[in-house]
Amino acid sequence: MALGHENRHRWNDPSEWAWSRAEAHEPLISTDLYERAQQTIKKRGTNSDTGKAPRRTGSPALNRHPLRA
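The structure reproduced in this document is the subject of the present report. (Residues numbered from 1 in each chain as written. Predicted model: local features only at pLDDT ≥ 70, side-chain atom pairs only at ≥ 80, totals over all residues. Heavy atoms only, no water.)

With respect to the pattern of salt bridges
When the charged atoms of two side chains lie near each other, side chains of opposite charge can form a pair.
Here comes step 1: Applying the stated criterion to the full structure yields 2 salt bridges.
Here comes step 2: R36 serves as the salt-bridge partner of D32, at 2.8 Å between the closest nitrogen and oxygen. Here D32 pairs with R36, and both are found in helix α1 (residues 31-44), just 4 residues apart, close to one helical turn. (Salt bridge = Lys/Arg side-chain N within 4 Å of Asp/Glu carboxyl O. Helix = DSSP H or I, 4+ residues; strand = E, 2+ residues; numbered from the N terminus.)

Let's talk about a nonpolar patch on the surface
Here comes step 1: A cluster of nonpolar side chains, namely L28, I29, L33 and Y34, defines an oily patch on the protein surface of about 430 Å² accessible area.
Here comes step 2: Relative to the helices and strands, L28 resides in the segment before α1.
Here comes step 3: Judged by relative accessible area, L28 falls into the exposed class, the value being 83%. (Patch = residues over 30% accessible without salt bridge, like charges linked within 9 Å, V, L, I, M, F, W, Y side chains within 5 Å. Areas by Shrake-Rupley, 256 points an atom, 1.4 Å probe, with all protein chains shown as cover. Buried < 20%, exposed > 50% of the residue type's maximum accessible area, 1.4 Å probe, protein only.)

Let's talk about the packing of aromatic side chains
Two aromatic rings are characterised by how far apart their centres lie and by the angle between their planes.
Here comes step 1: Under the counting rule described, the total for this entry stands at 1 aromatic pair.
Here comes step 2: Taking 5.7 Å as the distance between ring centres and 50° as the angle between the ring planes, the aromatic pair formed by W17 and W19 counts as tilted.
Here comes step 3: A relative accessible area of 43% places W17 in the partly exposed class.
Here comes step 4: When its relative accessible area of 68% is taken as the criterion, W19 is described as exposed. (Phe/Tyr/Trp six-rings, centres within 6.5 Å; stacked < 30°, edge-to-face > 60°.)

Set out below in structure tokens:
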């Protein structure tokens with residue numbers, strides 16, 4: 001936070017997305033691969049509809065040296 005300004009990142013609702021009628025460029029991955037990746041993400045579980053996976057650790061010290069733990 002700088003000078004009282006606060007940045008907040010929000011996902012746009014899919015109903016508000018702008019779609020092109022023509023492809024702007026060749027897809028980097030196939031539609032099939034994309035759909036399979038989305039299913040994998042859903043299987044892992046998310047915190048909400050945003051698609052963010054829950055944090056897997058409760059440890060406050062992630063950079064702790066393994067031999068000193």
